[in-house]
Structures are given as structure tokens and as C-alpha cells.
Amino acid sequence: MQTIRVETPSAKYDVVAGSGLIETLAVRIERVAGRLPRRVFVLTSAPIWALWGHCMQQSFRDAPVVLFLEPGEKYKTLASVEKLLRQMARAGGDRGSLLIAFGGGIVGDVGGFLAAIYMRGIPYIQAPTTFLAQVDSSVGGKTGVNLPEGKNLVGSFHHPLAVFADIGVLGTLPDRELRAGLMESVKAGIIRDRTLVRFMEEHGNEVLGRDAKALEKVIAASIRMKAGVVNKDEREHGLRMILNLGHTVGHALEQVTRYKAMLHGEAVGWGMIAALYLARKRGTISSHQFERLERLIHLYGPLPALNLKVKKVAAATGGDKKNVGGVRRFVLPVGIGDAGVVEDVTPAELEAAVGYMLARAGEMGSRQRN
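Along each chain, residue indices are assigned from 1 in the same order as the chain's sequence is written. Note on the predicted model: pLDDT of at least 70 is required for a residue's local features to be given, and 80 or more for side-chain atom pairs to be given and counted; whole-chain, interface and lining totals, by contrast, use all residues. Heavy atoms from the whole structure form the basis of all side-chain values; hydrogens and water molecules are not counted.

## Description of the nonpolar core
Rules: Take the buried Ala, Val, Leu, Ile, Met, Phe, Trp, Tyr and Cys residues and link them wherever side-chain atoms come within 4.5 Å; each set so joined is a nonpolar core. Only protein chains enter the accessibility calculation, which uses a 1.4 Å probe; a residue whose area is less than 20% of its type maximum is buried, one above 50% is exposed, and one in between is partly exposed. Helical segments are the DSSP runs of H or I of at least four residues, strand segments are the runs of E of at least two, and each set is numbered from the N terminus. Between two residues, a contact is recorded if the distance between any of their heavy atoms is within 4.5 Å.
If you look at the biggest cluster of nonpolar residues, it comprises 82 residues, and the most contacted ones within it are Phe-131, Leu-182, Val-249, Trp-270, Tyr-300 and Phe-330. Of all the elements, helix α11 (residues 264–282) adds the most residues to this core, at 11 residues. What Val-249 contacts, discounting residues up to four positions off in sequence, is Gly-271, Ala-274, Val-313, Thr-317, Phe-330, Leu-350, Val-354 and Met-357.

Next comes the structure, spelled out in C-alpha cells:
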């Protein structure tokens, strides 16, 4: 069991990573909140609830009200939010209610947004059930939903009372989901923790084999990195933008494929390869570092094959929410364990990076077919 403290100007809370957290969740919430509210809501998805709902419910004396969100990015919308808000109102939710986001990153983002806007804000708990959500999206207070024009364009900052990342639930996570989530840990190492990069290079078999100690080390290191960045830049005015390595092109890939062709972590993996190419061309990383980091990304793949047009993907990056005043912002690694944000990436540079990425994705597709 490891506890990482998040301390920002507006919130202080613990992220607890370990096993056996779900079956003791109610007791842990009581310790954090002082008491269990009269009305507790759980936002989850039907597959997660079928696997772990009974285990969670056993920790509560009075059964919480369960709200269901359909799985998939296409349900991460304002329409879904309105439907859920009305369900909360009909169930008697008030300002003293508590919401638990029990699921992957989509459930966490939508659940946090619900808590942020219902009755102008109620407390909530993050109980992430996917690797990606445990190491990334559950920490830092970002909440929101998508628009057809881009990802996460509607949302707010609303920190949870606590995050309980139960490593035990990862035992039922499909291999593809685990590998996609590990892309966020690869990202964490590239931008802030060269020791994590080395560990993931040397212990790939243990991590992918779900060795508990190896997973706990990667999860704790990833959370610790993100907490350290969020503590210094809560509202993404500067340093926190480095957490978006791979996301500019990654979000564009998700958008142009209508969120149907790949998981978020897979899109980030390809986005990181585009960013690495650009960093090598600009000289912020060496050719050796480029090859080493690209090899690490593929170690935790395979990434899905892509058959897309360069200009279409490049154009879709214009809707990224990091862009301000028409200036396209791009996160690039600086060596291994550091990163920076640049605002002068030219259209030609961007298209070259996307072109390299798509060429590599084409090679991947050929190998998979053969």
C-alpha cells in the first residue's frame, strides 16, 4: 500500500494505491469525509459493476444509488451528463450527497464533471478500475466531456476528496487495456522520471505479466510524478502542460477515427512517436534517445495499424484545447526525464512528424497481416 499526497492551492488529498481497497471503500471514505453522507451515488459502467459491484456494495451499510454510463468515448457527452444529472435529482441528491466515480477514465472524467456541476458542486471520490485511470486521469482534478469538434472541450477543475487505486481490480483488465494504460506510464518516465524509463525497459516481462510488485512500482511512480507536477501547476498555466506529451496528435487521431479505432492510450502512444520524431529533428533528443524511447513504446504495444491521410490528422490538431490564440502548442521531450512546451511548430514540421508516425503505423499493419 502506497500513499501519495496531492497538495494544490485549492485542494489537499491522498492517492492510495494497493490491494483490497474496494471491499473496504466505505470505511476509507468515512475516514476522509468524517461520515458517510445520507445519499451516496456510484457512477460506473455495466461491465465494471458486474465484475466488482458486489464487492463494493458489501462495504456499505446502506446500498448506494448506482448510475450507469455506457462504455465508450461516444457517450462522454453533454447529453449523457444531463441524463445522469436528472437521475441524481430524481433520486433525492442534494448538496450533502457524495459521488463515487467507479470505472475507467471516461467514468472518472464524467463523474468528476457531474460532481462539479450538480448543485454547484458536491464532493466525490475517484475509484479508478483501469491502469490508465489509476496512473493518470483520476489524479489532478481535471473533469469534462467531449464535443464533436474536439476532446475534453467542456469541463472544469474539481478535485476528489481522495483517490483509491485498487491494483487488485486490474486482474480482470484485458491485456489490450493494460498495454494502452501503460503508455501513460511510459509518458511519465519520458517527461519526468528517467528511473521509471529504465525500470520499464528492464522489467517489461514482469509488468506485462501483471507481477504485483512491478505493477505497484510503476503505478506509484507514475502517480508520484503527476502529483508533483500538479502540486506546482494546478490549472495548467505552464509546467502541467508537459503531461500532454503525445496528446496533441493522439487526440487528433481519436477525433478523425471518431473514437472507434483505438483506445486513448494507444492514440497517445502514436502521438508520442510523432513528438519524438519532431524532438529528434529539432535536436532536443539524440538519435540514440529517439530509438531507445520509440523501442520502449513498442515494447508495451502493439499499437494499432492506421490508414489515414497526413493532412487530415494534422488539421485535426488545430482543435486541441492547449492551443491559445491560434497558436499550436506542442510538448517535446528534452533528453530523457524532462520536457518542454513549444509554440513555433510549423505546418511542415507537424506534417513531417505525422507522416513519420503514419508510415510506422503502416509498417506495423503489414507485420500484423503477415
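We are not done yet, so read on.
## Re the pattern of salt bridges
Put simply, the rule reads: In the sections that follow, a salt bridge refers to a side-chain nitrogen of Lys or Arg positioned within 4 Å of a carboxyl oxygen of Asp or Glu.
Counted under the stated rule, the structure contains 20 salt bridges. Here Lys-151 makes a salt bridge to Glu-254, at a shortest N to O gap of 2.9 Å. You can see Lys-151 sitting in strand β8 (residues 150–157) and its partner Glu-254 sitting in helix α10 (residues 247–256), a full 103 residues away along the chain. The class of Glu-254 is buried, set by a relative accessible area of 2%. Three or more residues joined by partner-sharing salt bridges are found here, namely Asp-136, Glu-184, Lys-187 and Lys-226.

## Here we look at the environment of Pro-174
Among the structural elements, Pro-174 can be located in the loop between β9 (163–166) and α6 (175–192). Pro-174 gets classed as partly exposed once you look at its relative accessible area, which sits at 46%. Distance from Pro-174 to Val-16, taken between C-alpha atoms, is 23 Å for residues 158 residues apart in sequence.

## As for the pairing of strand β2 (residues 12–18)
Quick note on the threshold: By definition, two strands form a pair when at least two bridges between them are found by DSSP.
Summarising burial for β2: five of the seven residues are buried, a large majority. Note that strand β1 (residues 2–7) and β2 share six bridges and pair antiparallel. Within the sheet, the bridge partner assigned to Thr-3 lies in β2 and is Val-16. Between β1 and β2, which pair antiparallel in sequence order, lie four residues.

## Focus on the pairing of β9
Both faces of β9 are covered, namely the face carrying Val-163 and Ala-165 and the face carrying Phe-164 and Asp-166. Judged from the four bridges that link them, β2 and β9 form a sheet pairing that is parallel. Its bridge partner lying in β9, Val-16 is registered against Phe-164.

## Some points on helix α4 (residues 105–117)
Stated precisely, the cut-off is as follows: Residue count minus one, scaled by 1.5 Å, sets the expected span of a helix.
Between its terminal C-alpha atoms α4 stretches 18 Å, which fits the 18 Å expected from 13 residues at 1.5 Å a residue. Taken across its 13 residues, α4 has 11 buried, putting it largely inside the fold. A positive phi of about 55° marks Met-119, the residue just after α4.

## Overview of the packing of aromatic side chains
Where we set the bar: Note on aromatic pairs: the rings of Phe, Tyr and Trp (six-membered ring only in Trp) are paired at centre separations within 6.5 Å, and the planes decide the class, stacked below 30 degrees, edge-to-face beyond 60, tilted for the rest. Both a distance and an angle decide whether a charge sits over a ring: NZ of Lys or CZ of Arg must be within 6 Å of the ring centre and within 35 degrees of the ring normal.
Enumeration according to the criterion identifies three aromatic pairs in this entry. Where Trp-49 meets Phe-102, the ring centres are 6.3 Å apart and the plane angle is 85°; that geometry is what we call edge-to-face. A residue pair is termed long-range when its members are at least 10 positions apart, and Trp-49 in helix α2 (residues 46–57) and Phe-102 in strand β5 (residues 98–103) qualify at 53 residues. Grouping residues by exposure puts Trp-49 and Phe-102 together as buried. Cluster of aromatic residues (ring-pair linked, three or more members): Tyr-277, Phe-290 and Tyr-356. Note that Lys-217 overlies the ring of Phe-199, its terminal NZ or CZ placed 5.3 Å from the centroid.

## Things to note about a positive patch on the surface
Put simply, the rule reads: Note on patches: the residues involved have over 30% relative accessible area and no salt bridge, like charges join within 9 Å, and the nonpolar side chains Val, Leu, Ile, Met, Phe, Trp and Tyr join within 5 Å. A 1.4 Å probe and the Shrake-Rupley method give the accessible areas. Residues count as covered only by the protein chains that appear here. Within this scheme the basic residues Lys and Arg register as positive and the acidic residues Asp and Glu register as negative, but His and the chain ends are omitted. Charge positions come from single atoms, namely NZ of Lys, CZ of Arg, CG of Asp or CD of Glu.
On the surface, Lys-74, Arg-258, Lys-260 and Lys-312 cluster together to form a positively charged patch. Tracing the backbone shows Lys-312 in helix α13 (residues 310–316). According to the relative accessible area criterion, Lys-312 is exposed, its value standing at 51%.

## Remarks on helix α1 (residues 25–33)
The condition that has to hold: Think of it as the arc spanned by the lines of direction from the helix axis to the C-beta atoms.
The complete set of buried residues in α1 reads Leu-25, Ala-26, Arg-28 and Ile-29. Down the axis of α1, the smallest arc covering the buried residues is 160°, so these residues share one side. On its buried face, α1 is in contact with α2, β5, β6 (124–128) and β9. Gly-34, located one to two residues past α1, shows a positive phi value of around 95°.

## Regarding the side chain of Arg-329
Here is the rule: Whenever a nitrogen or oxygen atom comes within 3.5 Å of another N or O atom, the pair is scored as a polar contact, on the condition that within protein one atom can donate a hydrogen and the other can accept it, and that pairs from neighbouring residues in sequence are kept only if both atoms are in side chains.
Take Arg-329: it is sitting in the loop between α13 and β10 (330–333). Arg-329 sits in the buried class, given a relative accessible area of 17%. At 2.9 Å, the side chain of Arg-329 forms a polar contact with the side chain of Glu-343.

## Overview of the packing of helix α7 (residues 194–202) against helix α12 (residues 287–299)
Selection criterion: To obtain an axis, a line is fitted to C-alpha atoms, over the contacting stretch when the element is a helix, and the angle between two such axes runs from 0 to 180 degrees between their N-to-C directions. Any angle from 65 to 115 degrees is called roughly perpendicular, while one under 35 is roughly parallel, one over 145 is roughly antiparallel, and all others are oblique. Should the near helix be turned anticlockwise from the far one by less than a right angle, the crossing is left-handed, and should it be turned clockwise, the crossing is right-handed. Lys, Arg, Asp and Glu make up the charged group, whereas Ala, Val, Leu, Ile, Met, Phe, Trp, Tyr, Cys and Pro make up the nonpolar group; the residues left over, Gly among them, are polar.
Two elements in contact, α7 and α12, have axes whose closest approach is 10 Å; the angle formed by their N-to-C orientations is 55°. When the axis of α7 is compared with that of α12, the two are oblique. Here α7 and α12 pass one another in a crossing that is left-handed. Where α7 abuts α12, its residues Val-197, Arg-198, Met-200 and Glu-201 lie against Arg-292, Leu-293, Leu-296 and Leu-299. Broken down by class, the residue content of the contact of α7 with α12 amounts to five nonpolar, no polar and three charged.

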